[in-house]
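Listed below are the residues making up each chain.
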Amino acid sequence: MSNSFSKEERVAFEDMLEGFQDQLVLSKLVNKYRMSDVEAERSNNTIWRPMPYIATSYDGMDQTGNFKDKTQLSVPATIGYKKSSPWILDAQELRDQLQENRLGDAAKQKLASDINLAVSKVASLQGTLVVKRTGAATGFDDVALADAIMNEQGIPMNDRRIALATRDYNSMAGDLAKRQNVVGKVQTAYDRAYIGDVAGFDAFKLDYSERLGAATATGVTIGAANQFYVPKATSTAATGEVGNVDNRYQTITVAVTGGALKEGDAFTITGVESVHQITKQATGQLKTFRVVKVNSATSIVISPPIVSAQGATEAEKQYQNVSATPANGAVITMLNTATAYANPFWHRDAIELIPARYAVPTNAGAAVLRATTDQGIELVFQKQYDINTMKTKYRLDTMFGVVMVNPEMAGIELFNQT
C-alpha cells in the first residue's frame, strides 16, 4: 500500500486529464480508429486501413460488359508513438504538494503537445495539395485558393480544416481588423487576433509549425517515358505469398542539372494537370506532388503516384488523378522557392488518429492510475517509492499512431514564395 495514490493525487489526476483533453486541439480535427489490444500486439502495432472507394459509371441501359471488380486500396497504419514524461521528487520536495501538481501539469502539457505535433507533422509533410503564394498572408483570398484546389479535385466540402503558423494567422487577422464593413469579426480580429471560419475552412492558430526549406535543385526534368502508376490492392511475391500494397507512393526517374532534390520538396510537371476525382475531367491546373524520399540523384519517391489511366485498366480508370502521363524531358517546376512555414490544410477523412493502451499491471509494486479522453487517448499515471533514496518516481505515458489515409485530401499553403 505504500505506493498507492492519495485522494488528493487522484483528484489531481482527474484535473490533469481534463486539462489534457482541452489541449488536444488538432487531435479533435481528424478521424479516430481504435485497434483492439490483441490485434495490435499480434500485428506488431500495424493495421491496413481502407482508402475511400472511387466508383466509375457508364452510359446506357445495357451494362452487360461493365460488371467489373472494384479495387479497394488500403494504407498501413502503425501505432508508432510512445510518449512518456517522467520525473522524481524526494521526501523534502514532497512537503510542497504544489510542486507535484506543477510537474504533473507540465507533463500533461508536453504529452498533449506531442499528439498535436504528430498530427501537424503528418498533415504538413505528407499532404500533396500545394498552394503557393508570392506575398504574405492576407486573408480570404489565400484560404479560398485552398478551397479551390480541393473543390476542383472533388474533395467533400464539409469538415475542412486549416492550421496556420502564428505569424501567418496574425497577418490574416490584421487584414481582417482593417475591414470595417465586416460586422463582428473585425472586433474579434482586432482584440484577439481571431479570424474564425474562412472560405469553408475551420481555421486554427499554431504555436509551432513545420518549416519547409527552399528547394535547391535546378534544371529538373522527367528522366524517362511512360512513368505512370497502376493501382493494385495486393501483390504476389515470388514465394506465392499475397500481401497488401501501399498505393500512396511511386518511384520515378528524373534528371537534375544543379543542386539536389530533398524530402518535402513540392513541384508540378509540365503538361500534367489534376483531374476531378469523380468526373475525371481535367481542371486546367497542374497537379502538385511532394518528394517523399530521395533514392539517388536520379531516383525519387513521390506522392501521390501518377495515375493517368494510360494502361486502361479498371483500377486506373477508378483512381485516375492526372490528365496525362508526363513526357520524357517534361519540365519539373519547384514550388517551395523560399523557406517558409508549411501551413497544413486537410479534410477530416484524410488523417486518422489511432489511440492505443498499455497493459500496465496494478499489483507489481507501482501505483497505477489510468483514464481515457473523449478521443480515446489513454493516459497512464504511475508512482513508485524507493526506500533507499527516499525518492518517488512518477511517469505519465500515452501511446498512439497517426496515419495519412489519403494524401490527396490534404496539403500545405506556402507564403512569401519567389
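For the structure, see preceding data.
None of the values given here were measured: they were computed from a predicted structure. (Residues numbered from 1 in each chain as written. Predicted model: local features only at pLDDT ≥ 70, side-chain atom pairs only at ≥ 80, totals over all residues. Heavy atoms only, no water.)

Caption draft 1: Quick look at the overall build of the chain. What the chain contains, in helices and strands, is seven helices and 26 strands. Looking at the chain as a whole, 46% of its 418 residues qualify as buried. Within the chain, counting contacts between residues at least 6 apart in sequence, those at least 24 apart form 75% of the total. (Helix = DSSP H or I, 4+ residues; strand = E, 2+ residues; numbered from the N terminus. Buried < 20%, exposed > 50% of the residue type's maximum accessible area, 1.4 Å probe, protein only. Contact = heavy atoms within 4.5 Å.)

Caption draft 2: Representation of the sheet that holds strand β21 (residues 343-347) within the structure. A sheet is described by the order of its strands in space; here six strands give the open sequence β5-β26-β21-β6-β8-β7, paired in mixed fashion. The sheet is open, and its two edges are formed by β5 (129-132) and β7 (197-198), each paired on a single side. Bridge count between β7 and strand β8 (residues 201-206): two bridges; the pairing is antiparallel. For Asp-197, the partnering residue across the bridge sits in β8 and is Asp-202. Across the sheet, helix α4 (residues 140-152) is in contact with β5, β6 (160-165), β7, β8, β21 and β26 (410-414); its angle to β5 comes to roughly 150°. (Pairing = 2+ DSSP bridges. Axes fitted to C-alpha atoms, helices over the stretch in contact; angles between N-to-C directions.)

Caption draft 3: Focus on the nonpolar core. The biggest cluster of nonpolar side chains holds 49 residues, and the ones touching the most others in it are Phe-20, Phe-345, Trp-346, Ile-351 and Val-402. When residues of this core are assigned to their parent elements, the largest contribution, eight residues, is made by helix α3 (residues 97-126). Among residues more than four places away in sequence, those in contact with Trp-346 are Leu-26, Leu-29, Val-30, Ala-123, Met-150, Asp-159, Arg-160, Arg-161, Ala-163, Ile-351, Met-409 and Ala-410. Phe-267, Val-291, Ile-300 and Met-334 belong to the second largest nonpolar core, which has 18 residues in total. (Core = buried A, V, L, I, M, F, W, Y, C linked by side-chain atoms within 4.5 Å.)

Caption draft 4: Spatial organisation of empty space enclosed by the protein. Taken as a whole and judged by the stated rule, the model has one cavity of 30 Å³ or more. Taken as a whole, the largest cavity encloses approximately 40 Å³ of empty space. Every residue lining the largest cavity is listed: Leu-125, Gln-126, Arg-248, Tyr-249, Val-292, Ser-303, Met-404 and Pro-407. Of the residues assigned to the lining of the largest cavity, the class counts are five nonpolar, two polar and one charged. (1 Å grid on protein atoms, 1.4 Å probe; cavity = no way out; pocket = protein on both sides within 12 Å on 5 of 7 lines; lining within 4 Å. Points joined across faces, edges and corners; volume = space filled by probe spheres on them. Nonpolar A, V, L, I, M, F, W, Y, C, P; charged D, E, K, R; others polar.)

Caption draft 5: Focus on the pattern of salt bridges. Scanning the entire structure with this criterion turns up 15 salt bridges. A salt bridge links Glu-378 to Arg-370; its shortest N-O distance comes to 2.8 Å. Using a relative accessible area of 8% as the deciding quantity, one classes Glu-378 as buried. With a closest N to O distance of 2.8 Å, Arg-395 and Asp-397 form a salt bridge. Arg-395 gets classed as partly exposed once you look at its relative accessible area, which sits at 38%. Connected via shared salt-bridge partners are Arg-34, Asp-37, Arg-357, Arg-370 and Glu-378. (Salt bridge = Lys/Arg side-chain N within 4 Å of Asp/Glu carboxyl O.)

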